[in-house]
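Descriptive structure summary
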Amino acid sequence: MVAIVLAAGEGRKMFPFDLTRQKCAIPVANEPIVRRLVRQLQQADVDGCVVVTGHHAGQVRETVGDLPKVTFVHQPQRDGTATATLLALRELPDADEFVVAYGDVVLTQADIHALLRAHRESSAIATVLVQRLTPPLDSRDWLCASVHGNRLTRVEGHPRGASHRLAGLFAFRKEAVPFLERNPGVMRSVPVGGMPPLEAELAQSLQMLVDAGKEVVAIETQGFVVDVDKPWHLLEAAHRVVDELRGQFDEDRIAPTAKIDDSAEIDGRIVLGEHCVIGKRVVVNGFLFADAGTQIVNGAILRGRIVTGRHCRLRDYCLLGDSVLGDRCIVGHGAEFEGLAFNTVYLYHYCEIFGVLGEAVDIGAATVCGTLRFDDGETVHKVLGRREIPPIGANASYLGDFSRTGVNAILMPGVKVGAYCCIGPGVVLYDDVPHRTLVLVRQELERRSWGPERYGW
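The model shown is predicted, which means the values in this text are computed figures rather than measured ones.

It is worth spelling out the overall build of the protein at this point. The helix and strand tally for the protein stands at seven helices and 37 strands. In terms of overall dimensions, the protein is globule-like: its C-alpha atoms have a radius of gyration of 25 Å, near the 23 Å expected for 457 residues. Principal axes of the C-alpha set define a box for the protein whose edges measure 100 × 55 × 35 Å. By residue count, 54% of the 457 residues in the protein fall in the buried class. Considering only contacts within the protein whose residues lie at least 6 apart along the sequence, 48% involve residues at least 24 apart. Accessible surface, the protein: about 21000 Å² in total, of which carbon and sulfur atoms supply 49%. Positive and negative side-chain charges of the protein, numbering 49 and 57 respectively, have mean locations separated by a distance of 3 Å.

Right, dumping it as structure tokens:
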């Protein structure tokens, strides 16, 4: 069994992280999505992996290039998952069986094992992983499946009222290859009035297998599945993976070179890497996983599930809720943060932030992200012109890589700021900001003469 991992897509729904990032290489709990997936496949005894690259191919190569038995093929024109699979199969001419995995899917090791085990134990031409759709999941957002017993009976794109969705993991026997080759280049299995793009969807080849009377086994997930398609999916995936990480530790694990001050108040589970420091008056209430070299000092308060990368500095009475920080992040004096921050994010001086912050984002003093609307509702977002309300993180703020804010900037609930942007001091931001934009406030000043005579002198 060999694996094909599809990591070529442009991620156009991931604004503000689409310009500078390959979404498959975005870290979740400080491990890139595609690296986690390849590692899981290897742990499931998959013998070799071909990764299909395209948009920002270098990021994928950097992420998984050091793993054993990984090779790459480049998809110059991103015209569908079926085409990408056929491209990879040219590197695997002798493969009798192969796994196809979407490189932006975050799922459990147990479900990968379950799919492969079911495929090996059956004679089906294909085996697919499906997830039961329960609120807030909406079938109109996904490529969906109808399942009877353990048989796949229909695949349909973005229908209403489907029971399951495809979970992005498939196993095939070589007899399925002709159905990939005959893919029409458009998803024909759609509801009346559906408007599929002109792409060769792997899902259409699955429907062609069903139409031909071939046996396709469906395995329902038992754990979580997050298809990272939009920026709020990063928050969902991080929560799931951090919970999974927390479950791996039934006792504290503290490296020999780590130090904990006697005045620190710790109530929960802590995992400290080499040379970590928990200093005076620090409060930890929940779960803390700190990678090597991280310093948590001078009254920092951590409440919830916290994961930090290497060499972070949390200090001076800052306050963190459920958060994942990348490497070399700084959360300084009185700063409050909850969400995700990629590498080298700085939060200084009384800022209050909830959301996802891209790499090297610099948050100015007293910057505030609003999270509660006057109507107590959830913000409606536009994704490629489509209006939707995210089930998680609707009122969070999302800032692209290499952006910054000035002092006293205010970001209203749900605002997204593109990469390479500056939000100037005193700006109250109500709307999304495109990539490469500077926003400044223009104020009108009135000047009058004044002096002692105004006080009767």
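Before going further, it helps to examine the environment of valine 383. Inspection of the secondary structure assignment puts valine 383 in strand E29 (residues 381-383). Valine 383 sits in the buried class, given a relative accessible area of 9%. For the pair formed by valine 383 and glycine 299, sequence separation is 84 residues and the distance between their alpha carbons is 41 Å. Excluding anything up to four places from it in sequence, valine 383 contacts Lys13, Lys230, Trp232 and Glu388.

A few words on the pairing of strand E20 (residues 301-308). Judged from the eight bridges that link them, strand E18 (residues 283-290) and E20 form a sheet pairing that is parallel. Within E20, the position partnered with leucine 288 by the bridge is isoleucine 306. As defined by bridge partners, E20 adjoins strand E22 (residues 319-325) across five bridges and the pair is classed as parallel. The residue of E22 that forms the bridge with valine 307 is valine 324.

The next point concerns helix H1 (residues 33-43). Listed in full, the buried residues belonging to H1 are Ile33, Val34, Arg36, Leu37, Val38, Gln40 and Leu41. One or two residues past the end of H1 sits aspartate 45, with phi positive at roughly 70°.

With an omega of 15°, the peptide bond between phenylalanine 15 and proline 16 qualifies as cis. Structurally, proline 16 is set in the loop between strand E1 (2-7) and strand E2 (27-28). In the segment running from proline 135 into proline 136, the intervening peptide bond is cis, with an omega of 10°. Look at histidine 311: it is not a glycine, yet its phi comes out positive at around 60°. Assignment of secondary structure puts histidine 311 in the loop between E20 and strand E21 (313-314).

Between H1 and helix H4 (residues 109-121), the least distance of the axes is 10 Å, while the angle of their chain directions is 50°. Relative to H4, the element H1 lies oblique. Considering how the two elements wind past one another, H1 and H4 form a crossing that is right-handed. Facing H1, whose interface residues are Leu37, Gln40, Leu41 and Gln43, H4 presents Gln109, Ile112 and His113. Of the residues contributing to the contact of H1 with H4, the split by class is three nonpolar, four polar and no charged.

With that settled, consider the packing of aromatic side chains. Geometrically, a pair of aromatic rings is defined through the distance of the ring centres and the angle of the planes. Here the structure, examined in full by the defined rule, presents nine aromatic pairs. Judged by centre distance (5.8 Å) and plane angle (55°), the rings of phenylalanine 17 and phenylalanine 342 are tilted. One end of the pair, phenylalanine 17, is in the loop between E1 and E2; the other, phenylalanine 342, is in the loop between strand E24 (336-341) and strand E25 (346-347), and 325 residues separate them in sequence. Residue class for phenylalanine 17 comes out buried when judged on its relative accessible area of 1%. The exposure class assigned to phenylalanine 342 is buried, which follows from its relative accessible area of 5%.

On to the pattern of salt bridges. Inspection of every chain in the model, using the stated rule, returns 27 salt bridges. In this structure, aspartate 138 and arginine 140 form a salt bridge, with 2.7 Å as the shortest nitrogen-oxygen distance. Measuring nitrogen to oxygen at the nearest pair gives 3.1 Å for the salt bridge that ties aspartate 432 to lysine 416. Of this pair, aspartate 432 sits in the loop between strand E36 (428-429) and strand E37 (438-439) while lysine 416 sits in strand E34 (residues 416-417), and the two are 16 residues apart along the sequence. Judged by its relative accessible area of 4%, lysine 416 falls in the buried class. Connected through shared salt-bridge partners, Lys13, Lys23, Asp104 and Asp229 make up one network.

What follows covers the pairing of strand E11 (residues 164-173). With respect to burial, E11 is a largely interior element, 10 of its 10 residues being buried. The sheet contact formed by strand E6 (residues 97-102) and E11 spans five bridges and is antiparallel. Bridging from a neighbouring strand, valine 99 pairs with alanine 171 of E11. Of the strand pairs in this sheet, strand E8 (residues 126-132) and E11 are connected by six bridges, and their pairing is antiparallel. Considered in E11, the bridge of alanine 126 is made with phenylalanine 172. Across two bridges, the pairing between strand E9 (residues 143-148) and E11 is antiparallel. Its bridge partner lying in E11, alanine 145 is registered against histidine 164.

Conventions we followed
Residues numbered from 1 in each chain as written. Predicted model: local features only at pLDDT ≥ 70, side-chain atom pairs only at ≥ 80, totals over all residues. Heavy atoms only, no water. Helix = DSSP H or I, 4+ residues; strand = E, 2+ residues; numbered from the N terminus. Rg over C-alpha atoms; globule rule 2.2 N^0.38 Å. Buried < 20%, exposed > 50% of the residue type's maximum accessible area, 1.4 Å probe, protein only. Contact = heavy atoms within 4.5 Å. Areas by Shrake-Rupley, 256 points an atom, 1.4 Å probe, with all protein chains shown as cover. Lys, Arg positive; Asp, Glu negative; His and termini not counted. Charge placed at Lys NZ, Arg CZ, Asp CG, Glu CD. Pairing = 2+ DSSP bridges. Axes fitted to C-alpha atoms, helices over the stretch in contact; angles between N-to-C directions. Parallel < 35°, antiparallel > 145°, perpendicular 65-115°, else oblique. Left-handed = near helix turned anticlockwise from the far one by under 90°. Nonpolar A, V, L, I, M, F, W, Y, C, P; charged D, E, K, R; others polar. Phe/Tyr/Trp six-rings, centres within 6.5 Å; stacked < 30°, edge-to-face > 60°. Salt bridge = Lys/Arg side-chain N within 4 Å of Asp/Glu carboxyl O.

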